[in-house]
Amino acid sequence: MKNRLSHRLQNISYSQTIAMSSKARKLKNEGYDVINLSLGEPDFTPPNFVLSAAKKAIDEGYHYYTPVSGYFELKKVICEKFYRDNLLQYTPSQIVVSTGAKQAIMNVLLSLLNKDDEVIIPAPYWVSYLQMVKFCESDPVIIPTVMEKNFKIDPDQLEKAITSKTKLFLFSSPCNPTGSVYSYKELKDLSEVFKKYPQIMILSDEIYEHICYSEKHASIAIFPDIYHQVITVNGLSKAFSMTGWRIGYLGAPEWIAKSCDKIQGQMTSCANSIAQRAAITALSAHPNKIEYMIKKFEKRKNLVLDMIKEIDGFQFYQPNGAFYIFPKVSSFFGKKLHGKMIQNSYEFSEFLLEKAQVATVSGSAFGDNECLRISYASSEDKIIEAFTRIKKVLN
Ligand SMILES: Cc1ncc(COP(=O)(O)O)c(C=O)c1O
């Protein structure tokens, strides 16, 4: 059966984060007391004012296809949001609303990439980037980073990775899985390199924009010299805890927005109408309306850092954003734990699931085999219990 599938499909693999979550859910259904720290999903209920807007939209009869790129009213609100939060100037013709940031990113890749084009991706990267690029039959060019430099690339590394085939640079800040946030100055330095290569486009995935702690979020499109090279992607999933509502959006040069509109018109017609109405209310609100969630995440981050310190063998750093920590666990490789030899981060993550019943995701899924991704988008009680169990099986 396998060879009936397209080469394109055979080239890609399942999402390891979704696979781990499904595994944890299955074990839970079988009666195991699994704590799931593998999820990239906040555990809050979306804000009440957004829920009310969705209910109102149902009552008001928003049941039908919307314009392909989204309701005009929503696109106007997105422009206002981009200006209010990021000082970016877009017009509605530069905006496309999609079924999650995931679709927004895929629309851009399908718009730009041909076979054998190169896409530069700093590692660790979000799992889907690599597979999406491969799906387009293009070649990911990975720039490795190190924990000692907060998992960030510098301009020299970027310039060395550029070739005549480079079409796109793809990154997220705050980063999933590391929680690293590029500062304004660091983005400015990278922008100086991009300025020399106007043919290279930059996809800036800012889905964790509001979940920032000690470093303030900045958008790379802010630098006028490269504004026309940048596609800024964002969405409601993380900031508003609305993962299932599937609303993402982008601001881009008009030719890219037009192309995403063309693709989306053939693929999905439009994003969900009720969720779009709710998005108008969500994005019109000042970010201080969601600050309570960010404060909770910060508290959990500090709790995780306190608890992880107590476990011998975990090497870690201060994440400045998102809701993940990405500790180095390679000190356990080549050792026998409870009679089981651990060779890599995948085996370590499996070990934690089996012995501590804590689900995490192996760093290899994100391009770093020495680390482990632990999500703290869970209650404090669950975090405390999970780390107590991990400590117990390891010490
Ligand atoms: C970096 C990053 N980009 C994009 C997405 C996808 O977001 P959405 O739910 O809007 O498709 C995720 C979700 O985990 C993510 O971590």
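Under the annotation held in an unreviewed UniProt entry, the protein chain carries the name Aminotransferase and is attributed to Blattabacterium cuenoti BPAY. Among the UniProt annotations of the protein chain, the heading Sequence similarities (unreviewed entry) holds the following wording: "Belongs to the class-I pyridoxal-phosphate-dependent aminotransferase family." If you open the UniProt record of the protein chain and go to Cofactor (unreviewed entry), you find "pyridoxal 5'-phosphate".

S.K.: Is there a simple way to explain the site of the ligand in this structure?
M.R.: If you check the shell around the ligand, you find Gly100, Ala101, Lys102, Trp126, Tyr129, Asn176, Asp205, Ile207, Tyr208, Ser237, Lys238 and Arg246 and nothing else. Here an oxygen atom of the ligand and a side-chain polar atom of Asn176 are 2.7 Å apart. At a separation of 2.8 Å, an oxygen atom of the ligand approaches a polar side-chain atom of Arg246. In isolation the ligand offers 400 Å² of accessible surface; the protein chains occlude 92% of this area. A molecule is said to occupy a pocket when more than half its atoms come within 2 Å of that pocket's grid points, and by this definition the ligand occupies the largest pocket. No other element matches helix α5 (residues 100-112), which puts 3 residues into the shell around the ligand. Among the residues forming the shell around the ligand, the class breakdown is 5 nonpolar, 3 polar and 4 charged.

S.K.: Would you take a moment to explain empty space enclosed by the protein for this structure?
M.R.: To find the voids left in a structure, one rolls a probe of water-molecule size over its atoms. The tally for this structure, following the rule as stated, stands at 3 cavities of 30 Å³ or more. If you add up the space inside the largest cavity, you get close to 100 Å³. As for the largest cavity, its lining consists of 16 residues, of which Pro122, Pro124, Phe171, Ser172 and Cys175 are closest to the centre. Of all the elements in the fold, those that place two or more residues in the lining of the largest cavity are β3 (118-123) and β5 (166-172). In terms of residue class, the lining of the largest cavity is made up of 12 nonpolar, 4 polar and no charged. In this model, the second largest cavity occupies a volume close to 50 Å³. Around the second largest cavity, the lining residues are Lys81, Arg84, Asp85, His210, Phe240, Ala282, Leu283, Ala285, His286, Pro287 and Ile290. Contributing elements (two or more residues each) for the lining of the second largest cavity: α4 (72-86) and α10 (273-284). If one sorts the elements of the lining of the second largest cavity by residue count, α4 sits on top with 3 residues. Residues that form the lining of the second largest cavity fall into these classes: 6 nonpolar, 2 polar and 3 charged.

S.K.: Looking at this model, I keep getting lost on the nonpolar core. Mind explaining?
M.R.: For soluble globular proteins, nonpolar side chains are generally found buried alongside one another. Ranked by size, the top nonpolar core spans 134 residues in total, and within it Phe314, Phe348, Phe387 and Leu394 carry the most contacts. Broken down by element, the residue count for this core peaks at 8 residues, all from helix α11 (residues 291-309). Shared between two domains, this core takes at least three residues from each, and those domains are domain 1 (2-45 + 290-394) and domain 2 (48-286). Excluding anything up to four places from it in sequence, Phe387 contacts Leu37, Val304, Met307, Ile308, Ile311 and Ile374.

Rules used in this analysis
- Residues numbered from 1 in each chain as written.
- Predicted model: local features only at pLDDT ≥ 70, side-chain atom pairs only at ≥ 80, totals over all residues.
- Heavy atoms only, no water.
- UniProt positions renumbered as here; feature names shortened; annotations may be inferred.
- Near = heavy atom within 4 Å.
- Polar contact = N/O pair within 3.5 Å; in protein donor to acceptor, adjacent residues only side chain to side chain.
- Areas by Shrake-Rupley, 256 points an atom, 1.4 Å probe, with all protein chains shown as cover.
- 1 Å grid on protein atoms, 1.4 Å probe; cavity = no way out; pocket = protein on both sides within 12 Å on 5 of 7 lines; lining within 4 Å.
- Sits in = over half its atoms within 2 Å of the grid points.
- Helix = DSSP H or I, 4+ residues; strand = E, 2+ residues; numbered from the N terminus.
- Nonpolar A, V, L, I, M, F, W, Y, C, P; charged D, E, K, R; others polar.
- Points joined across faces, edges and corners; volume = space filled by probe spheres on them.
- Core = buried A, V, L, I, M, F, W, Y, C linked by side-chain atoms within 4.5 Å.
- Buried < 20%, exposed > 50% of the residue type's maximum accessible area, 1.4 Å probe, protein only.
- Domains from an automatic or database assignment.
- Contact = heavy atoms within 4.5 Å.

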